[in-house]
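# Per-entry structural report
For reference, the chains in residue letters:
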Amino acid sequence: MADQNPTGGGQAVPLDLPAPQVALLRLTLTSCLVGVKGDLARAGETPNAEKAREEAGAFRRLLRGLQRGEVTLPDEPARAAVAILAAEADRENDYAGVVAEHDALYGLLGVLEGVAS
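On a predicted model such as this, the values are computed, not experimentally measured, just so you know.

On to the pattern of salt bridges. Close approach of charged atoms lets side chains of opposite charge pair. Per the stated rule, a full pass over the model turns up 5 salt bridges. Close ionic contact of glutamate 54 with lysine 51 constitutes a salt bridge, the shortest N to O distance being 3.6 Å. Within this pair, glutamate 54 and its partner lysine 51 are both found in helix H2 (residues 49-68), separated by 3 residues, close to a single helical turn.

In structure tokens, the structure reads:
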């Protein structure tokens, strides 16, 4: 079954994340699960239904883990899904550009305030 741990077991690891991050992750992962389930509902239009079922299972496990406060490792499908989400978020938010702008502006502010860099 797709929402069972595909590794056949593993070790429970606590999720020591701040409550605001857990809330944001719940929203994000729920949105992803809804999207994948929508893709699966259009079975003829889903080029890789097995991959979509694997992702849906990973999102379900992650959401349960957030609720319990722990995840079972290893879980490669969940790791891969989160890696893709993190890279997409960075790209969509121009994270590298934001960090560079932040560093440049605060570097200049430090000079203007007479603070050594």
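Quick look at the side chain of arginine 61 now. Mapping arginine 61 onto the fold places it in helix H2. Reaching out from arginine 61, the side chain makes a polar contact with the side chain of aspartate 75 at a distance of 2.6 Å.

Moving on, we come to helix H3 (residues 76-92). Over its 17 residues, H3 runs 24 Å from end to end, which matches the ideal 24 Å to within 8%, given 1.5 Å per residue. Within H3, the full set of buried residues consists of Pro77, Ala78, Ala80 and Ala81. The buried residues of H3 occupy an angular sector of 165° when projected down its axis, which confines them to one face. In this fold, the buried residues of H3 make contact with H2. With a side-chain oxygen lying 3.2 Å from the backbone nitrogen of alanine 78, the N-terminal cap of H3 falls on aspartate 75. Looking one or two residues past H3, aspartate 94 carries a phi angle of roughly 50°, positive in sign.

Calculation criteria
Residues numbered from 1 in each chain as written. Predicted model: local features only at pLDDT ≥ 70, side-chain atom pairs only at ≥ 80, totals over all residues. Heavy atoms only, no water. Salt bridge = Lys/Arg side-chain N within 4 Å of Asp/Glu carboxyl O. Helix = DSSP H or I, 4+ residues; strand = E, 2+ residues; numbered from the N terminus. Polar contact = N/O pair within 3.5 Å; in protein donor to acceptor, adjacent residues only side chain to side chain. Expected span 1.5 Å × (residues − 1). Buried < 20%, exposed > 50% of the residue type's maximum accessible area, 1.4 Å probe, protein only. Arc of directions from axis to C-beta. Contact = heavy atoms within 4.5 Å.

In short, shape yes, function no, at least from these values alone.
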